[in-house]
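Each chain, written out:
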Amino acid sequence: MAQIGDVISFDYLGFEKVERTVLETIHNINVTMNVMVEELEGVTVTERARLKKTEAEMFSEYLTNDEFAKSAYGTLDKKTIGHAITIVDGKSLNLSAPNILAALDGKIAGVRIGNVTNGNTCFGCSFTKVAVFIRGGKGSINNIRPAIFEIDGVIYEDVPYFLDLNVIERIAVIPGLAGVGRYGQVAAGGVIAISTKHANYATKNNRASDLAKIRNNIYEFDAIDKQQANKNLPSYLKAFLACNTFETAKRVYEENEKIYSSSASFFLDAYIYFTANWEQEKFNNDIIANHQSLFVDNINEMKALAYAYQREGKFEKANELYTSVFVKRPNYAQSYRDMANSYIEVNEVQKAANLYSRYTKLLNESFLVADTIGLHPIITTEFNHFLQHKTDYAISSEDLKEVAEMRNGANTRLLFEWNDDEAEFDLQFVNPENRYFVSSTSLYSQNEYFGKQENSSSKEFFLESDIHGEWIININYKGNKSGLPTYLKVTAFSGYGTDNEESTIRIYRLSLKNVNQNLFYLPTLGADNLN
C-alpha cells in the first residue's frame, strides 16, 4: 500500500523508467512507458558527477555560462542534460548572411540544409521547400524529418526567415530522440532552439507583453468562442444554459439529481450555474448542503467549491474549505498561500501575517523550496501587497523598492488558480497589437527542471499598461490524470497596488481538450489613467 508522498517507480527492460509521486488527489495511476533507445560504444569518465543546478542558478548564470541554453521547457545545462546537445553563441554566426539558414550552413556539426518535398497537396502536385536536418533525427532513411525551430518559447515548423540575426543570443541544437521527449512527435527531426537578446533579462513577475515582442507571433484568431466550446458540455449543462426561467432550470436539476447523485462535479456545475443566473439563495445553498458528503476529504472538489464561494463573496465558507485543505496538506507552499489569502478575505490579518512568517521560516530551514517561476513569485507579490495595504507594519526600503518595481508599468494583474494540481494547459495572451505569447503549465517541465516537489496550481501575469486596448486570453486544455473536469479561477485586478484597485473573479470548467478556446477579453488602461 502506497502512502501519500511516496514515489512509485515503474521499470521494465527496454523502456524508460517512470516515477510518479502519490498525492492526496491521486486515486488511480495510469502509466505509459516510452521505448528506451541507446547506442553506446564505450564510456569514459572524465570528471566527477556534478549536482544539477536549479533553474534559479542557471537563470542567474545564463549570460556568463556558455554551456547553458534556453528552451520552452526551461534552461538546459549541457553537462547534466543527459543527452547530446550542441550550443552555439550567436556571435559566431555569419551575421552578414541574408537569413538564418545561410547563417547556420556549415557552422554546426551534424546539421545540414536540404530540401523536403510534399506530394500530398493539390491532388497529386508537389512542392519543395528548404529545411534543416539534424544528424540522428528520428525517421527512416527515405523519410528523414526536418527539424523544427523554437524562438523564445514559440514553435515554428517552417524556417523563420523573418528572424533578425543580430538579436540571436544563443542556439541549442537538440536531436530528434531528445526533442520528442520534450516537444512530442512534432520534434521527431530535432529542434533548433533559439534564444534572443529580447528574452534574456530577469522578468520579475512573468510580464506577458515582454514575451510578445518577438517577431512573427501574429494571432490568427484561431481560438473557438464560448458558444462553440459549449457544444461539448455535458447534456445537463446544455439543458441548464437553454433555460429561460428559474422553474425550468429547477426541473432540469431535479431530473438529473438522482442520475448524478455520486458526482461532486455535477453539483459544483449546478451551484456555479444557479448562483450566476438565479437569485434563489436557499435553493442554491441547498445544492451543496444536501450533498456535503461528496466534498469531504476530496481536496480538488473542496478547492473548486471554495472558488465558487469566493466569487459569490462568501469568504467565511471558503475559509472553512481552505482550512480543511491546509490540515490535509500542511507541508505544501500552495496551502500556505491559499490560507493566508483566505484569512485576509475574512479580516483575520494577524493569522495571515503568522502564516507568511511560518512560510518564510520553512524556506530558511529548507522544508519548502522557493521555485523561481511557480508559486514563490506569487507569494512574494502578495506578501508585499499585504504589507503595503493590509497592515500597520513598518516596511523596509527594500520592500518598498520591490513593490515599486512590481507596479512599474503594470497595473493589470491576472491570477490563475486551478483545483487539480496535475492539470495541464497552455495559456495564450494576445496583446492589443495582435501579438501573442504562450505560457505552459506542463508537469514535465516543472518536475524536470525544479526537482521532485509539489506542482504549483497558481500562476500570475502582469499586463503592460503602456499598450492601450483589449487583450485576448485563450486556453488550450490538455487534461489531468483523474479524467474529471478541472475548475479554473481567474482573478483580474485593475489598478493593482493602487488606492483604486478592483478585482473580478471568473470561474471556468475545463474539459474540452487540445483545442485553443477563448476565455475572455480584457481592456487595459495606461498608468496615466490610474491614481
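In this text, all values refer to a predicted model and were calculated from it rather than measured experimentally. In this convention, every chain numbers its residues from 1, walking through the sequence in written order. Per-residue local features are limited, in this predicted model, to residues with pLDDT of at least 70; the limit for side-chain atom pairs, both in listing and counting, is 80 or more; totals at the level of whole chains, interfaces and linings are taken over all residues. Excluding hydrogens and water, the side-chain figures rest on all heavy atoms present in the structure.

Asker: Sorry if this is basic, but what is going on with the packing of aromatic side chains here?
Answerer: The geometry of an aromatic ring pair comes down to the distance between the two centres and the angle between the two planes. Stacked, tilted and edge-to-face are the three classes assigned to paired rings of Phe, Tyr and Trp, where Trp is represented by its six-membered ring and a pair needs centres within 6.5 Å; plane angles under 30 degrees give stacked, over 60 edge-to-face, the rest tilted. Scanning all chains against the criterion turns up 31 aromatic pairs. For the ring pair tyrosine 356 and phenylalanine 386, a centre distance of 5.3 Å and an interplane angle of 45 degrees mean the geometry is tilted. You can see tyrosine 356 sitting in helix α13 (residues 349–364) and its partner phenylalanine 386 sitting in helix α14 (residues 376–389), a full 30 residues away along the chain. Remark: exposure states derive from per-residue accessible area (1.4 Å probe, protein chains only) relative to the maximum for the residue type, with buried under 20%, exposed over 50%, and partly exposed in between. Here tyrosine 356 falls in the buried class, since its relative accessible area comes to 5%. The ring of phenylalanine 133 has arginine 112 sitting right over it, with the charged end atom 4.6 Å from the ring centre. Only DSSP runs of H or I reaching four residues or more are called helices, and only runs of E reaching two or more are called strands; each is numbered from the N terminus. We call a charge positioned over a ring when the NZ of a Lys or the CZ of an Arg lies within 6 Å of the ring centre and within 35 degrees of the ring normal.

Asker: Before we go on, may I ask you to explain the packing of helix α10 (residues 299–311) against helix α11 (residues 315–328) in this structure?
Answerer: Between two packed helices, what matters for the description is the angle formed by their axes and the separation of those axes. Here the axes come from fitting lines to C-alpha atoms, over the contacting stretch only for helices, and the angles between their N-to-C directions go from 0 to 180 degrees. Direction vectors running N to C along α10 and α11 enclose 155 degrees, while the axes themselves pass 8 Å from each other. Relative to α11, the element α10 lies roughly antiparallel. Between α10 and α11 the crossing geometry is left-handed. From α10, Ile299, Met302, Lys303, Leu305, Ala306, Tyr307, Tyr309 and Gln310 reach across to α11, where they touch Phe315, Lys317, Ala318, Leu321, Tyr322, Ser324, Val325 and Lys328. Taken together, the residues of the contact of α10 with α11 break down into 11 nonpolar, 2 polar and 3 charged. Put simply, angles under 35 degrees are roughly parallel, angles over 145 are roughly antiparallel, angles from 65 to 115 are roughly perpendicular, and the rest are oblique. Note: crossing handedness is left-handed where the near helix turns anticlockwise from the far helix by less than a right angle, and right-handed where it turns clockwise. The contact definition used throughout considers only heavy atoms, calling two residues in contact when any of these lie within 4.5 Å. Amino acids are sorted into nonpolar (Ala, Val, Leu, Ile, Met, Phe, Trp, Tyr, Cys and Pro), charged (Asp, Glu, Lys and Arg) and polar (every other residue, Gly among them).

Asker: What is the right way to look at the pattern of salt bridges in this model?
Answerer: Close approach of charged atoms lets side chains of opposite charge pair. The term salt bridge refers to a pairing of a side-chain nitrogen on Lys or Arg with a carboxyl oxygen on Asp or Glu at a separation within 4 Å. Using the criterion set out here, one finds 15 salt bridges in the structure. Between arginine 509 and aspartate 269 there is a salt bridge, and its shortest N-O distance comes to 2.8 Å. With arginine 509 in strand β18 (residues 502–510) and aspartate 269 in helix α8 (residues 264–277), this pair connects stretches of sequence that are 240 residues apart. When its relative accessible area of 22% is taken as the criterion, arginine 509 is described as partly exposed. Using a relative accessible area of 4% as the deciding quantity, one classes aspartate 269 as buried. Across the pair aspartate 426 and lysine 478 runs a salt bridge, and its minimum N-O distance is 3.7 Å. In this pair, aspartate 426 is assigned in strand β13 (residues 424–430) and lysine 478 in strand β16 (residues 469–479), connecting sequence segments 52 residues apart. In this structure lysine 478 comes out as partly exposed when scored by relative accessible area, which is 38%. Here the salt bridges share partners, and the residues they tie into one network are Arg337, Asp338, Glu382, Arg413, Glu417, Glu460 and Lys489.

Asker: What exactly am I supposed to notice about the sheet that holds strand β12 (residues 412–418) here?
Answerer: Through backbone hydrogen bonds, the strands of a sheet pair up, either in parallel or in antiparallel fashion. Paired strands, as defined in this entry, are two strands with at least two bridges between them according to DSSP. Taken together, 4 strands build an open sheet; the order of strands is β15-β12-β17-β18 and the sheet is antiparallel. Unpaired on one side and paired on the other, β15 (458–463) and β18 mark the two borders of the sheet. Between one strand and the next, the sheet's axes are offset by a mean angle of 15 degrees, whatever the strand orientation. The pairing of β12 with strand β17 (residues 486–494) spans 7 bridges and is antiparallel. If you follow tryptophan 418 over to β17, its bridge partner there is leucine 488. Together, β12 and β15 form the strand contacts of α14, whose direction differs from that of β15 by roughly 60 degrees.

Asker: Got a minute to help me understand the pairing of β17 in this structure?
Answerer: In regular strands, side chains alternate between the two faces of the sheet. Of all 9 residues making up β17, 8 are buried, and the element is well covered by its neighbours. Inspection of the sheet shows β17 paired to β18 by 9 bridges, in the antiparallel sense. Directly across from tyrosine 487, in β18, lies its bridge partner arginine 509.

Asker: Is there a simple way to explain the packing of α11 against helix α12 (residues 333–345) in this structure?
Answerer: Interhelical geometry of α11 versus α12 gives an angle of 155 degrees and a closest axis separation of 9 Å. Taken as axis vectors, α11 and α12 run roughly antiparallel relative to one another. The hand of the α11/α12 crossing is left-handed. Between α11 and α12, the contacting residues are Phe315, Ala318, Asn319, Tyr322, Thr323, Val325 and Phe326 on the first element and Ser335, Tyr336, Asp338, Met339, Ser342, Tyr343 and Glu345 on the second.

Asker: How do you make sense of the environment of glutamine 228 when you look at a structure like this?
Answerer: Take glutamine 228: it is sitting in helix α5 (residues 226–230). Each C-alpha atom of the pair glutamine 228 and glutamine 517 lies 8.7 Å from the other, and the pair is 289 residues apart in sequence.

Asker: What exactly am I supposed to notice about helix α9 (residues 281–289) here?
Answerer: Note: α-helices contain 3.6 residues per turn, so residues at a spacing of three or four share the same orientation. Of the positions making up α9, those classed as buried are Phe283, Asn284, Asn285, Ile287 and Ile288. Lining the buried residues of α9 we find α7 (246–257), α8, α10 and α11.

Asker: Honestly, the nonpolar core in this entry has me stumped. Any pointers?
Answerer: Nonpolar side chains in soluble globular proteins tend to be buried together. Only buried residues count toward a nonpolar core, which is a set of Ala, Val, Leu, Ile, Met, Phe, Trp, Tyr and Cys residues joined through side-chain atoms within 4.5 Å. If you look at the biggest cluster of nonpolar residues, it comprises 62 residues, and the most contacted ones within it are Phe240, Tyr253, Phe274, Ile287 and Leu305. Residues in contact with phenylalanine 274, not counting those within four places in the same chain, are Phe240, Phe246, Ala249, Lys250, Tyr253, Phe283, Asn284 and Ile287. Core analysis: the next-biggest nonpolar cluster, separate from the first, contains 30 residues, Ala147, Phe149, Leu163 and Ile194 among them.

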